[in-house]
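# Survey of secondary and tertiary structure
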Amino acid sequence: MPKTFYVTTPIYYVNAAPHLGHAYTTIAADVMARHHRQRGEAVFFLTGTDEHGEPVADAAHALGIEPQALADRNAERFRALAPRLGASNDFFIRTTDPQHMAVVQEVLSRVRENGFVYKGVYEGWYCPRCADFKAESEIDEGRLCPIHHIDLVREEEENWFFALSRLQGRLEALYGERPEFVAPRTRYNESLSFIRGGLRDVPLTRRRLTWGVPVPWDSEHVFYVWFDALLNYYSALSFARPGEDLTERFWPADCHLIAKEILRFHTVYWPALLMAADIALPGKVFVHGYLLMEGEKMSKSLGNVIDPFDVIERYGADALRFYLLRDVSFGQDGSVSTAAFEARYESELANDYGNLASRVLAMVARYREGVLPRGPDGPALDPLLAEDFDGLGERVAELIDRVELTVALDEIWQRVRRLNRYVEEQAPWVLVKDPARAGDLDRVLGSLVAGLRVVTVLLQPYLPASTERLLQALDAPVVVPIEPLFPRVEASST
Ligand code: MSP
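Residues numbered from 1 in each chain as written. Predicted model: local features only at pLDDT ≥ 70, side-chain atom pairs only at ≥ 80, totals over all residues. Heavy atoms only, no water.

### Things to note about the sheet that holds strand 10 (residues 214–215)
- As summarised here, the arrangement of the 3 strands in space is 9-11-10, forming an open sheet in which the pairing is antiparallel. Pairing within the sheet leaves two strands with one partner each, and these edge strands are strand 9 (205–206) and strand 10.
- As paired strands, strand 9 and strand 11 (residues 218–223) are joined by 2 bridges and run antiparallel to one another. Bridged to Arg206 within strand 11 is Val222. (Pairing = 2+ DSSP bridges. Helix = DSSP H or I, 4+ residues; strand = E, 2+ residues; numbered from the N terminus.)

What follows is the structure, encoded as structure tokens:
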């Protein structure tokens, strides 16, 4: 049986349309999924939509439509985004899928049978957009939500509670035994100190809401949307393939990718819930940073969003994938802008890589009529280059295992640049003029094809469409020039 790899994105809220921030996480997860498939592993890559809860119900009512209608409309847009990004997700889950809802009911009933659920009264400051109560320490001056900058409301509610506090010891033990459970390290520290600060029990249900998964033992309640949502990672495996249950094969997940605003849900509530339900814990939660525009987190509630569909329309999905993982160090916050995107496109995709590919193919076609002398495994790498390529594949794999997606890409890019220098150093256009140096020319062209093939295979998870075109050209029995991989695009006026 091949090794398995299961990666997830957060499931996105359907109270608004997809934006670049959502595209970012989906792209990153896709890079990991494609990389692990290249390694011959059986991969399951999950994304989807989070459709219950107050924000969705409120947004629907504001539009004068039913929550289900809003959810259907926006879930479709998220579903359509994935393939346009070149994302190869194996399933798209919606929390309104009845199979998901049944699993939520079953797992949370087990949590109750295991003694982790009780009835009590909750009072606190609540943000309707976050659908979350805020701890006193997080509340901004003027009693505003620190994320949405809107008024918090004092809420008091009779609820079923999840006895999170009872899992404090087990959570601390988890962090002690598995320091890789949360990455990067700063996020691990943040979560651990939150746990050590003392955990309070949290509401598991909401009474006044109806847009949610019904609580089987109390018909007046629905489950608090976060518990419903988190369970998507687990429930999806049971119904993604009709007639087949993939849970045994893929659970526990290897990596949950998230951004930092939902850290606590994933690194405290989620493992606690799984412990309370006797379900195995995931391997890792990797927390990336925010894409910022003009210094603020892009978010639908703030309105400062870039439309990924527009970018893809003009430049293609590969360019967007490359830009986001190259320009913003994965794991940290970073600013994005149209100007920076255009600069990277031009200097790196079009010049460093696209031109290299065009030049190499053109030279093989022109100087050798498209045919190179090949050994059994194709042309070999010049020892001059081999040194710089040595161990590259292993290094990239090791970095991607640590979710260092930007560092891995940079390692590959250094070799793209090395190949460009090799072209200049060897000047095949000079060699071709001297018949006595035909062997040298074969060696140089052969090395370029071999080196280009290595970087292209390693770039495949990042640039799936363009690398496929190039690999076909490189592997053809007779090499012919190709259209530019990254053609010049009129710069935008902004
Ligand atoms: N529905 C919850 C998640 C439930 S998971 C069980 C949610 N949805 S969301 O639509 O708000 O999506 C949040 C996620 O989208 C972030 O964690 C991140 O993955 C991605 N991003 C949204 N905006 C982003 C940026 N500006 N920058 C980086 N990532 C962004 O929270």
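### With respect to unusual backbone geometry
- Residue Ala183 is joined to Pro184 through a cis peptide bond whose omega torsion reads -5°.
- By secondary structure assignment, the location of Pro184 is in the loop between strand 7 (182–183) and helix 6 (185–196).
- In this chain, Trp251 is followed by Pro252 through a cis amide linkage whose omega measures 0°.
- With respect to the element layout, Pro252 can be found in the loop between helix 9 (247–250) and strand 12 (255–259).
- A positive phi is found at Arg143, a non-glycine position, where the angle reads about 55°.
- With relative accessibility at 39%, the residue Arg143 sits in the partly exposed group.
- For Ala427, which is not glycine, the phi dihedral falls at a positive 40°.
- Looking at the element boundaries, Ala427 is found in the loop between helix 16 (405–426) and helix 17 (428–431).
- Given the relative accessible area of 12%, Ala427 is considered buried. (Buried < 20%, exposed > 50% of the residue type's maximum accessible area, 1.4 Å probe, protein only.)

### Overview of the pattern of salt bridges
- Here the structure, examined in full by the defined rule, presents 38 salt bridges.
- Arg34 serves as the salt-bridge partner of Asp30, at 2.8 Å between the closest nitrogen and oxygen. Of this pair, Asp30 and Arg34 both sit in helix 1 (residues 20–38), 4 residues apart, roughly one helical turn.
- Classification of Asp30 as buried rests on a relative accessible area of 0%.
- Residue Arg34 is classed as buried on the basis of its relative accessible area of 17%.
- Residue Asp218 pairs with Lys119 through a salt bridge whose shortest N-O separation is 3.8 Å. (Salt bridge = Lys/Arg side-chain N within 4 Å of Asp/Glu carboxyl O.)

### With respect to the nonpolar core
- Of all hydrophobic cores here, the largest spans 84 residues; its most connected members are Leu325, Tyr353, Leu405 and Tyr462.
- Looking at which element gives the most residues to this core, the answer is helix 13 (residues 338–368), with 12 residues.
- Leaving out residues up to four positions away in the same chain, Leu325 has contacts with Tyr24, Ile27, Ala28, Val31, Phe330, Leu405, Thr406, Leu409 and Tyr462.
- Counting 72 residues, the second largest nonpolar core, distinct from the first, contains Phe162, Ala163, Leu164 and Tyr188. (Core = buried A, V, L, I, M, F, W, Y, C linked by side-chain atoms within 4.5 Å. Contact = heavy atoms within 4.5 Å.)

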